[in-house]
Amino acid sequence: TLKQYLFKVLADNHKWLYLSNLKKSRQEDMDDDEIALEDITVLQGMSDDDMAILNSFMHRERFSAGDAIFQEGDAGSAVFFIAKGLVDVSKGGERIGSFAAGTFFGETALLDARSKRTATVTVTEDAVFYRLSAMDFQIIKQTAPNMTVTLLSNIGRTLTAKMRYARGVVTV
């Protein structure tokens with residue numbers, strides 16, 4: 001019917017305006033050397049609709065060199081997507097790795113709500129993160145199951161690559 005058609009046109013235009021304004025406001029807040037959220041490796045390939053949903057739950061946060069994001073043994077409460085900067089990961093006081101802009105850490109908090117942090121993460125270069133809390137992820141799981149599957153598949157693929165690298169395993 002004409003009413004349904006007009007509603008769809010209005011909804012599509014509203015979505016386009018929302019996405020345009022969201023990207024514009026995010027870009028205005030961004031530092032010159034900051035990676036856009038949609039360019040973070042694990043989020044690449046997600047649809048505009050999925051990114052709009054995810055964006056609405058993300059919290060942009062700044063940290064200075066030397067800040068501890070969390071300590072080994074802390075309760076896991078969020079995953080962090082790095083838009084700028086560098087972090088070191090340490091276990092038992094020994095540095096075991098680092099993550100740079102375009103990557104993420106803390107994903108276990110999304111996969112296991114009862115998890116404890118297995119390492120300490122400390123900022124080594126001033127950083128900007130997008131934080132997705134485990135509580136917000138639970139809401140996303142209920143309201144956007146397809147987006148959840150895409151995100152978890154991307155995280156799973158990245159975790160598999162990390163495990164192969166850590167173990168020195170080469171697969172053909």
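Residues numbered from 1 in each chain as written. Predicted model: local features only at pLDDT ≥ 70, side-chain atom pairs only at ≥ 80, totals over all residues. Heavy atoms only, no water.

## Comments concerning the environment of Thr 108
For Thr 108, the location among the structural elements is in helix 3 (residues 108–111). Between the C-alpha atoms of Thr 108 and Ile 155, which are 47 residues apart in sequence, the distance is 9.9 Å. (Helix = DSSP H or I, 4+ residues; strand = E, 2+ residues; numbered from the N terminus.)

## Re the packing of helix 2 (residues 48–57) against helix 4 (residues 134–143)
Helix 4 packs onto helix 2 with a crossing angle of 150° between their chain directions and a minimal axis gap of 10 Å. The angle between the axes of helix 2 and helix 4 places the two elements in the roughly antiparallel class. Handedness of the helix 2/helix 4 crossing: right-handed. Contacts between helix 2 and helix 4 involve Ile 53, Leu 54 and Phe 57 from the former and Asp 136, Ile 139 and Ile 140 from the latter. Taken together, the residues of the contact of helix 2 with helix 4 sort by class into five nonpolar, no polar and one charged. (Axes fitted to C-alpha atoms, helices over the stretch in contact; angles between N-to-C directions. Parallel < 35°, antiparallel > 145°, perpendicular 65-115°, else oblique. Left-handed = near helix turned anticlockwise from the far one by under 90°. Contact = heavy atoms within 4.5 Å. Nonpolar A, V, L, I, M, F, W, Y, C, P; charged D, E, K, R; others polar.)

## Considering the environment of Arg 117
Tracing the backbone through its elements, the reader meets Arg 117 in the loop between helix 3 and strand 6 (120–133). Taking the C-alpha atoms as reference points, Arg 117 and Gly 106, separated by 11 residues in sequence, lie 7.7 Å from one another. Excluding residues within four positions of it along the chain, Arg 117 makes contact with Phe 70, Gln 71, Glu 72, Gly 73, Asp 74, Ala 75, Gly 76, Ser 77, Ala 78, Phe 80, Gly 106 and Ala 109. A distance of 3.2 Å separates the side chain of Arg 117 from the backbone oxygen of Gly 106, its partner in a polar contact. (Polar contact = N/O pair within 3.5 Å; in protein donor to acceptor, adjacent residues only side chain to side chain.)

## Considering the nonpolar core
Formed by 23 residues in total, the largest nonpolar core has its most connected members in Leu 43, Leu 54, Phe 81, Leu 132 and Leu 151. Those elements that place two or more of their residues in this core are helix 2, strand 3 (78–91), strand 6, helix 4 and helix 5 (145–167). Every residue in contact with Leu 151, bar those within four places of it in the chain, is listed here: Leu 43, Met 46, Leu 54, Leu 132 and Phe 137. Listed in part, the 14 residues of the second largest apolar core include Phe 70, Ala 78, Val 123 and Phe 129. (Core = buried A, V, L, I, M, F, W, Y, C linked by side-chain atoms within 4.5 Å. Buried < 20%, exposed > 50% of the residue type's maximum accessible area, 1.4 Å probe, protein only.)

## Concerning the pairing of strand 3
Counting buried positions over the 14 residues of strand 3 gives 11, a clear majority of the element. When strand 3 meets strand 6, the two strands line up antiparallel, connected through 11 bridges. Across the sheet, the residue bridging to Val 79 is Leu 132, located in strand 6. One ladder, built from two bridges, connects strand 3 with strand 5 (residues 104–105); its direction is antiparallel. Counted as the bridge partner of Phe 81 is Phe 104 from strand 5. Two strands pair when backbone bridges link them, and strand 3 and strand 4 (residues 94–100) are joined in this way by six bridges, in the antiparallel orientation. (Pairing = 2+ DSSP bridges.)

## Considering the side chain of Lys 84
Positionally, Lys 84 belongs in strand 3. Residue Lys 84 is classed as buried on the basis of its relative accessible area of 17%. Sequence-distant contacts of Lys 84, defined by excluding residues within four places in its chain, comprise Asp 31, Asp 33, Glu 34, Ala 101, Asp 126, Ala 127 and Val 128.

## Observations regarding helix 4
Helical geometry note: an α-helix holds 3.6 residues per turn, so side chains three or four residues apart project in the same direction. Looking at helix 4, one finds that the buried residues are Ala 134, Asp 136, Phe 137 and Ile 140. Viewed along the axis of helix 4, the buried residues span an arc of 150°, placing them on a single side of the element. Structural note: helix 4 exposes Met 135, Gln 142 and Thr 143 on the side pointing more than 90 degrees away from its buried face. (Arc of directions from axis to C-beta.)

## Here we look at the pattern of salt bridges
The final tally for this structure, using the stated rule, is five salt bridges. Close ionic contact of Asp 88 with Arg 95 constitutes a salt bridge, the shortest N to O distance being 3.2 Å. (Salt bridge = Lys/Arg side-chain N within 4 Å of Asp/Glu carboxyl O.)

It is worth stressing that arrangement in space is one thing and function is another; only the former is reported here.
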